[in-house]
Amino acid sequence: MKAIGFKTSLPITEQNSFLEFETAKPIPGANDLLVKINAVSVNPVDFKIRQNSAVNTVLETPKIIGWDAVGIVEAVGENANLFKVGDEVYYAGDITKQGSNAEYQIIDERIVGRKPKSLTNAEAAVIPLTGLTAWEILFDRIRINPEKDKGKTVLIIGGAGGVGSIAIQLAKKIAGLTVIATASRPETIAWCKEQGADYVVNHKNLISAVRELGFENVDFILDFVDTNFYWDIMVDLIKPQGHIASITGSSDPVALNKLKNKSVSFSWELMYTRSMFQTNDIQEQHNILNKIADLLDNGILKTTLNETLTGLTADNLKKAHQLLESGKTIGKIAIEF
């Protein structure tokens, strides 16, 4: 099969930052599906791993990355029973396994969902990683109860990005929250409003911007940009007994002691935790993806696709990575094969 990978971590502008090559089609294990891939999307995790996983070394065989895919089941493992050959599926993959930038991939069926029937391959490919991340941060980490928490306020830092775009929709349409999103350019402000944000504020003067809306504090904060940079701002804006959650990680210790007087909770969210540690509830990702597919097919949620490239090529992956690394992308980028 054809695949795209890299042997060493290079700037994306370098000729060999991605390589096209041929490799053996993988064989599914007992709980796996073999999927013929029709489309993928690109996420920040892709370029971060490309930049950092082969620094000052040359791998013997190219590393295949990519953690969003849509395709058709071509074979199933002996213990797999959630899908059959011919089913259309979508998934975000497992960061410890081979990625989706290839013609075929094996994937544990417990982290796979049915492809939304109403969406094209490109429209569906952009959903799994960000959809799972947003769903888990809202309903598994903060544990928002739509009946109890309806009308409460959530501040989403990074509203126009991939995760922010679907998080706005879920927070507004499923959780019933009042959504304040951050954006600074006319096009990103418009995008956040299209996703359903009630208010859009400039992140550059965030505390005053939120308070000028009439909100002294907010119930929940979702950080999709930079925990360290926004920490003191979030500590100031969060309500007593509120909840802050972040996906960004931190190179420095987080000063959790600053949350003590307000009795504020803090959570990390990593979409790969369930697959990485083979948790007892790993199949919950299958369930979440199916719920999201239903919401998409019923017109409650909409795709966050904003750009489509055509063809499984090194050049297309380079272009997608360059766009993401610019930090100015809106929504998601898909590559159709």
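Our subject is the structure that appears above.
Residues numbered from 1 in each chain as written. Predicted model: local features only at pLDDT ≥ 70, side-chain atom pairs only at ≥ 80, totals over all residues. Heavy atoms only, no water.

### A word on the pattern of salt bridges
In this structure the tally under the stated criterion is 23 salt bridges. Between lysine 25 and glutamate 74 there is a salt bridge, with the nearest N and O atoms lying 3.1 Å from each other. Here lysine 25 is found in the loop between β2 (19-22) and β3 (32-42), whereas its partner glutamate 74 is found in strand β4 (residues 69-76), with 49 residues between them in sequence. Here glutamate 74 falls in the partly exposed class, since its relative accessible area comes to 33%. One salt-bridge network, held together by shared partners, links Glu136, Asp140, Arg141, Glu269, Arg274 and Asp281. (Salt bridge = Lys/Arg side-chain N within 4 Å of Asp/Glu carboxyl O. Helix = DSSP H or I, 4+ residues; strand = E, 2+ residues; numbered from the N terminus. Buried < 20%, exposed > 50% of the residue type's maximum accessible area, 1.4 Å probe, protein only.)

### Thoughts on the packing of aromatic side chains
Scanning all chains against the criterion turns up 6 aromatic pairs. Considering the side-chain rings of tryptophan 231 and phenylalanine 266, the 5.3 Å spacing of their centres and the 90° angle between planes classify their relative orientation as edge-to-face. Separated by 35 residues along the polypeptide, tryptophan 231 in helix α8 (residues 227-237) and phenylalanine 266 in strand β13 (residues 265-268) bring together distant segments of the chain. You'll find tryptophan 231 and phenylalanine 266 in the same group, each marked buried. Taken together, a centroid distance of 4.9 Å and an interplanar angle of 80° make the contact between phenylalanine 266 and tryptophan 268 edge-to-face. A relative accessible area of 42% places tryptophan 268 in the partly exposed class. The ring centre of tyrosine 104 lies 4.2 Å from the NZ or CZ of lysine 25, which sits over that ring. (Phe/Tyr/Trp six-rings, centres within 6.5 Å; stacked < 30°, edge-to-face > 60°. Lys NZ or Arg CZ within 6 Å of the ring centre and 35° of its normal.)

### Quick look at the layout of surface pockets
In this structure, the largest pocket spans a volume of roughly 1,300 Å³. As for the largest pocket, its lining consists of 45 residues, and the residues nearest its centre are Pro44, Lys48, Phe224, Val225 and Ile247. For the lining of the largest pocket, the secondary-structure elements that each account for two or more residues are α1 (44-52), α3 (128-141), α5 (162-174) and α8. Tallying contributions element by element places α1 first for the lining of the largest pocket, with 5 residues. Along the lines of polarity and charge, the residues of the lining of the largest pocket split into 18 nonpolar, 21 polar and 6 charged. (1 Å grid on protein atoms, 1.4 Å probe; cavity = no way out; pocket = protein on both sides within 12 Å on 5 of 7 lines; lining within 4 Å. Points joined across faces, edges and corners; volume = space filled by probe spheres on them. Nonpolar A, V, L, I, M, F, W, Y, C, P; charged D, E, K, R; others polar.)

### Here's the deal with unusual backbone geometry
Backbone geometry places asparagine 56, a non-glycine residue, at a positive phi of 55°. Checked against the element boundaries, asparagine 56 lands in the loop between α1 and β4. For glutamine 278, which is not glycine, the phi dihedral falls at a positive 50°. Judged by its relative accessible area of 42%, glutamine 278 falls in the partly exposed class.

### Side note on the pairing of strand β15 (residues 332-336)
As a general feature of sheets, a regular strand has side chains that alternate between the two faces. Buried residues dominate β15, accounting for 4 of its 5 residues. With 4 bridges joining them, β3 and β15 adopt antiparallel strand pairing. Counted as the bridge partner of alanine 39 is glutamate 336 from β15. Where strand β14 (residues 305-310) meets β15, 5 bridges bridge the pair, whose relative direction is parallel. Along β15, the bridge assignment pairs threonine 310 with glutamate 336. Running through helix α11 (residues 314-325), the crossover from β14 to the neighbouring parallel element β15 is right-handed. (Pairing = 2+ DSSP bridges. Right-handed = clockwise from strand over helix to strand, strands pointing away.)

Structural measurements only, silent on function.
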